[in-house]
Amino acid sequence: MADRRELTRLEAVLDAFADRVLPRVPAGIREFLAFGIKQAWACLFGALMLLAIILTAWLCPDDAAISRNDFLVILAVLIQIGMLVARLETGRELIVIIVFHIVGTGMEIFKTAVGSWNYAPGGVLHIGAVPLFTGFMYAAVGSYIVRVYRLFDLRFSHYPPRWLTAIIAAAIYLNFFTHHFVVDLRLLLVLATVIVFFRCRMYFHIHRRTLTMPVLLAFLLVAFFIWVAENIGTAAGAWLYPSQDDGWHLVPLTKLVAWFLLMMISVVLVTFVHRPRPPEVHRPEPPDTYTC
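Residues numbered from 1 in each chain as written. Predicted model: local features only at pLDDT ≥ 70, side-chain atom pairs only at ≥ 80, totals over all residues. Heavy atoms only, no water.

What follows is about the nonpolar core. Of all hydrophobic cores here, the largest spans 78 residues; its most connected members are Phe197 and Phe219. Contact partners of Phe219, with chain neighbours within four places excluded, come to Thr193, Phe197, Phe260, Met263, Met264 and Val267. (Core = buried A, V, L, I, M, F, W, Y, C linked by side-chain atoms within 4.5 Å. Buried < 20%, exposed > 50% of the residue type's maximum accessible area, 1.4 Å probe, protein only. Contact = heavy atoms within 4.5 Å.)

The following block contains the structure:
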């Protein structure tokens, strides 16, 4: 299902099992199942974090000995340790997770200070108004991207120069801070991202087939699912936007712009761990390559 040199030990066992079972399934269903299984596996860290947020909303009383925020920090650390001990993550993935944790926490400290959103008070495991579990939510995004990169053996055609993508990503991150004081450049940065990645296509290997799609579409799809997860998180009271203080409602779709830009930052960070590779280096495309 994937390049076994890149798999963890457990993933190699699951991959060998899939190679025995999936050929008995009709081709279309086989590829669909393989795609779903890989996506679910890539989402494991984020899914467990989201499950922890939901369960603590239901099960943690207000007068609990350990506050909900602190309990979420403990659960996040246990999830991370468990994935490392069980070898569900590689050393490269851990590096990415740490970087995302630092980058995300830095932005959270600033954003809560200026009132962009807020967390419920309580607990001792926090920096300012930011509970430490929040860094793990950004780490979940990084974990997903780097695991998708490995599990689907991602390849890219017309990938722009990494130095150029790094400049745009740095400008995006800086704009998350500066737009509170000077002109907001997010739409200009979206345009820059579209121009730079317009020709870039992503190739992802499922089981027997390799599919291809525009990278910009992948950015948008992942941004949408982050928006869905964000709605679940706010509905569970993990954090709230000022407009939700008087009652929960869907996070505006305009937040997709922010998540689209976050995808740009995320992909750039991951490419400095996994260098983008062209499709022709890996396997011949024509007979089994399908375009989305």
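The next subject is the side chain of Thr165. By secondary structure assignment, the location of Thr165 is in helix α7 (residues 162-178). By relative accessible area, which is 0% here, Thr165 ends up buried. Separated by 2.8 Å, the side chain of Thr165 and the backbone oxygen of Arg162 make a polar contact. Apart from residues lying up to four places away in sequence, Thr165 is in contact with Tyr159, Pro160, Val196, Phe197, Met264 and Val268. (Helix = DSSP H or I, 4+ residues; strand = E, 2+ residues; numbered from the N terminus. Polar contact = N/O pair within 3.5 Å; in protein donor to acceptor, adjacent residues only side chain to side chain.)

On to the packing of aromatic side chains. Applying the stated rule across the entire model yields 16 aromatic pairs. A centroid spacing of 6.1 Å and a plane angle of 90° characterise the contact between Tyr119 and Phe133, whose relative ring orientation is edge-to-face. Residue Tyr119 is found in the loop between α5 (91-113) and β1 (126-127), and its partner Phe133 is found in the loop between β2 (130-131) and α6 (134-151); the two are separated by 14 residues along the sequence. Overall, Tyr119 belongs to the buried group, its relative accessible area being 9%. Looking at Phe133, the relative accessible area reads 0%, which means it is buried. An aromatic cluster is built from Tyr149, Phe156, Tyr159, Phe197, Phe219 and Phe260, whose rings are joined through pairwise contacts. The ring of Phe152 has Lys38 lying over it, and the distance from NZ or CZ to the ring centre is 5.2 Å. (Phe/Tyr/Trp six-rings, centres within 6.5 Å; stacked < 30°, edge-to-face > 60°. Lys NZ or Arg CZ within 6 Å of the ring centre and 35° of its normal.)

According to UniProt, the feature "transmembrane region" (unreviewed entry) maps to residues 40-59, 71-88, 95-117, 123-149, 161-181, 187-204, 216-241 and 253-273 in the numbering used here. Between the end C-alpha atoms of residues 123-149 the distance is 36 Å, and the span holds 59% helix and 15% strand. Strand forms 0% of residues 253-273 and helix 81%; the C-alpha atoms that close the span are 31 Å apart. (UniProt positions renumbered as here; feature names shortened; annotations may be inferred.)

So, about the packing of helix α8 (residues 186-197) against helix α10 (residues 255-271). Closest axis-to-axis distance for the α8/α10 pair is 10 Å, and the angle between their directions is 45°. Relative to α10, the element α8 lies oblique. Of the two elements, α8 crosses α10, and the hand of that crossing is left-handed. For the pair formed by α8 and α10, the contact residues are Arg186, Leu189, Val190, Thr193 and Phe197 on the first element and Val257, Phe260, Leu261 and Met264 on the second. Of the residues that constitute the contact of α8 with α10, the class distribution is seven nonpolar, one polar and one charged. (Axes fitted to C-alpha atoms, helices over the stretch in contact; angles between N-to-C directions. Parallel < 35°, antiparallel > 145°, perpendicular 65-115°, else oblique. Left-handed = near helix turned anticlockwise from the far one by under 90°. Nonpolar A, V, L, I, M, F, W, Y, C, P; charged D, E, K, R; others polar.)

Our next topic: the pairing of strand β5 (residues 210-214). Burial analysis of β5 places four of its five residues in the buried class, the great majority of the element. One ladder, built from five bridges, connects strand β4 (residues 201-205) with β5; its direction is antiparallel. Of the residues in β5, the one forming a bridge with Met202 is Met213. Between β4 and β5, which pair antiparallel in sequence order, lie four residues. (Pairing = 2+ DSSP bridges.)

Once that is clear, we can look at the pattern of salt bridges. Counted by the stated rule, this structure contains three salt bridges. Asp153 serves as the salt-bridge partner of Arg155, at 3.2 Å between the closest nitrogen and oxygen. Judged on exposure class, the residue Arg155 and its partner Asp153 are both buried. (Salt bridge = Lys/Arg side-chain N within 4 Å of Asp/Glu carboxyl O.)

What follows concerns the environment of Ala139. Examined against the element boundaries, Ala139 turns out to sit in helix α6. Residue classification places Ala139 among the buried positions, given a relative accessible area of 0%. When the C-alpha positions of Ala139 and Phe100 are compared, they lie 5.0 Å apart, and in sequence the two are 39 residues distant. Apart from the residues lying within four places of it in its own chain, the contact partners of Ala139 are Phe45, Ile97 and Phe100.

Moving on: α7. Residue pairs three or four apart in sequence face the same way in an α-helix, which turns once every 3.6 residues. End to end, α7 covers 24 Å across 17 residues, agreeing with the expected 24 Å (1.5 Å per residue, within 8%). Turning to α7, its buried residues are Thr165, Ile168, Ala169, Ile172, Asn175, Phe176 and Phe177. Looking at the buried residues of α7, the elements they touch are α5, α8 and α10. (Expected span 1.5 Å × (residues − 1).)

This part takes up the environment of Met83. The topology assignment puts Met83 in helix α4 (residues 68-85). C-alpha separation for the pair Met83 and Glu93, spaced 10 residues apart in sequence, amounts to 11 Å. The residues contacting Met83, other than those within four sequence positions of it, are Leu44, Phe45, Leu88, Glu89 and Arg147.

Residues Val114, Phe181, Val182, Val183, Leu185, Leu188, Leu191 and Ile195 make up a contiguous nonpolar surface patch of roughly 800 Å² in combined accessible area. Along the polypeptide, Val183 turns up in the loop between α7 and α8. (Patch = residues over 30% accessible without salt bridge, like charges linked within 9 Å, V, L, I, M, F, W, Y side chains within 5 Å. Areas by Shrake-Rupley, 256 points an atom, 1.4 Å probe, with all protein chains shown as cover.)

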